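Observations on chain architecture
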Amino acid sequence: MNPTPHPPGEDWEAWLDRQLRQLPDRPAPASLAPRVLAAVAAHARRPWYRQPWFAWPRWAQVISLLVLSGALGSLTYALLHLEDLAAAETLAAQFAAWWAPVEAVRAAAHALAVTLSLLARQVSGTVWLALGGLALLMYAVCMALGTVLYRLCCPARPQRTLHETR
Amino acid sequence: MSDPVQFEAFLHHYQDLVYTTALRLVGRPAEAEDIAQEVFLKAYEHFDALAASPTAAGWLKTVARNLALNHLTRYRNRWRFFSELESEEDAEPGRAFADTLAAPETHQQTLDTADQREILEAALQALPAAQRVPLVLYHFENLSYEEIAARLKVSLGKVKTDIHRGREALRRKLQLKHPDLQSP
């Protein structure tokens, strides 16, 4: 347990390694725990907006995501359609230019909904089950491939021995 | 949110482990305490997952080690830490260190066990950072030479040299305390 003189015949490095590993932990200073608890208390008292985003209340996370998405979307939209808006002469023309992409999205969503409802009516439940099974199978194959790739790329480290790198 | 009472028990249970890990790497108690505080603040943020985890000790040790190494790297210029420019014939740093720690002549040769631990721990702490850190990473943190070289961003040869010098310095110090210690 304790450092003792190096016994004759024993490898010095192995002996030292054993002695070092057997050294007990040093006692932490008495001031550490109160310091940590005070810091934790101060940390917990911080308003939510000064904490990491992941610690924000759910409603604040949702609102911040919506605001951020809206801002980014508006910026992208404005950059893409700035010329159209500038070219339109009347207010009605400006509105039409502004509304055109929204109308296109609405039309696409409508077409998709009609297609899906037609499919739901025409295709039997067996086919839907088969499609679901196929999706599950593809998912399982992806998981298996991912696992194999992970094992190949990140093999588990062998246990180090004292002399392995010498 | 985390239960404060449970966290306090957690803190008391692991504080020696975290403090020791940091102290052996940075070598200065005040800085080790700062690092330990930072580790426990991080632990508090993840306490819901850590509280009942059987790997909490390993997590704490890893975080303490990384923070200590980051701390050392941050101040490496100030301390000339791990300088590859340091010449190989830097006048036997281990010998100088052993000489400075030589026991008073009046000290009894046969020491009790607590003293023996203290000698080894003090000898380790007295090593220059360039020798102590790789030695600690190797013997206490179970890293291989290659991992130490990668983590410290120094050459493999330098890691081996520094660890060898550190061991020799420890041997000299222990031989001063125990003259019957075998010579190489």
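Residues numbered from 1 in each chain as written. Chains lettered and ligands numbered in written order. Predicted model: local features only at pLDDT ≥ 70, side-chain atom pairs only at ≥ 80, totals over all residues. Heavy atoms only, no water.

Things to note about the overall build of chain B
A tally of regular secondary structure across chain B gives 10 helices and 0 strands. The secondary structure elements of chain B, listed N-terminal to C-terminal, are α-α-α-α-α-α-α-α-α-α. In chain B, 71% of the contacts between residues at least 6 apart in sequence involve partners at least 24 apart. Entry remark: accessible area of chain B is about 8,900 Å², with carbon and sulfur atoms responsible for 51%. (Helix = DSSP H or I, 4+ residues; strand = E, 2+ residues; numbered from the N terminus. Contact = heavy atoms within 4.5 Å. Areas by Shrake-Rupley, 256 points an atom, 1.4 Å probe, with all protein chains shown as cover.)

Points about helix α2 (residues 29-45) of chain B
Every α-helix carries 3.6 residues per turn, so stepping three or four residues along brings you back to the same face. In this model, α2 of chain B (17 residues) spans 25 Å end to end at C-alpha, consistent with the 24 Å of a helix rising 1.5 Å per residue. Inspection of α2 of chain B places Glu31, Ala32, Glu33, Ile35, Ala36, Gln37, Val39, Phe40, Ala43 and Tyr44 of chain B among the buried residues, and these make up the whole buried set. (Expected span 1.5 Å × (residues − 1). Buried < 20%, exposed > 50% of the residue type's maximum accessible area, 1.4 Å probe, protein only.)

Considering the packing of aromatic side chains
For the structure on display, the rule yields 10 aromatic pairs over all chains. The interplanar angle of 85° and the centroid separation of 5.4 Å between the aromatic rings of Trp53 of chain A and Phe54 of chain A together place this pair among those described as edge-to-face. Ring centres 5.2 Å apart and planes at 90° place the aromatic pair Phe7 of chain B and Phe47 of chain B in the edge-to-face group. Here Phe7 of chain B, found in helix α1 (residues 4-26), pairs with Phe47 of chain B, found in helix α3 (residues 47-50); they are 40 residues apart in sequence, far enough to count as distant. Phe47 of chain B carries the same exposure label as Phe7 of chain B, and that label is buried. Put simply, the rings of Phe7, Phe10, Tyr14, Tyr44 and Phe47 of chain B pair up and form one aromatic cluster. (Phe/Tyr/Trp six-rings, centres within 6.5 Å; stacked < 30°, edge-to-face > 60°.)

Overview of the environment of Gln131 of chain B
Residues and elements named next belong to chain B. Within the fold, Gln131 resides in helix α8 (residues 129-139). On the basis of relative accessibility, which here comes to 3%, the residue Gln131 falls in the buried class. Between the C-alpha atom of Gln131 and that of Arg165, which follows or precedes it by 34 residues, the distance is 6.9 Å.

Considering the confidence of the model for chain A
Residues and elements named next belong to chain A. On average, residues of chain A score 82 in pLDDT, and 86% of them reach the 70 mark or higher. Ranking the helices and strands of chain A by mean pLDDT puts helix α5 (residues 125-153) first, with 92, and helix α4 (residues 91-122) last, with 84. Scored below 50 in pLDDT, residues 158-166 makes 24 contacts in the model with residues more than four places away or belonging to other chains. (pLDDT = per-residue confidence, 0-100.)

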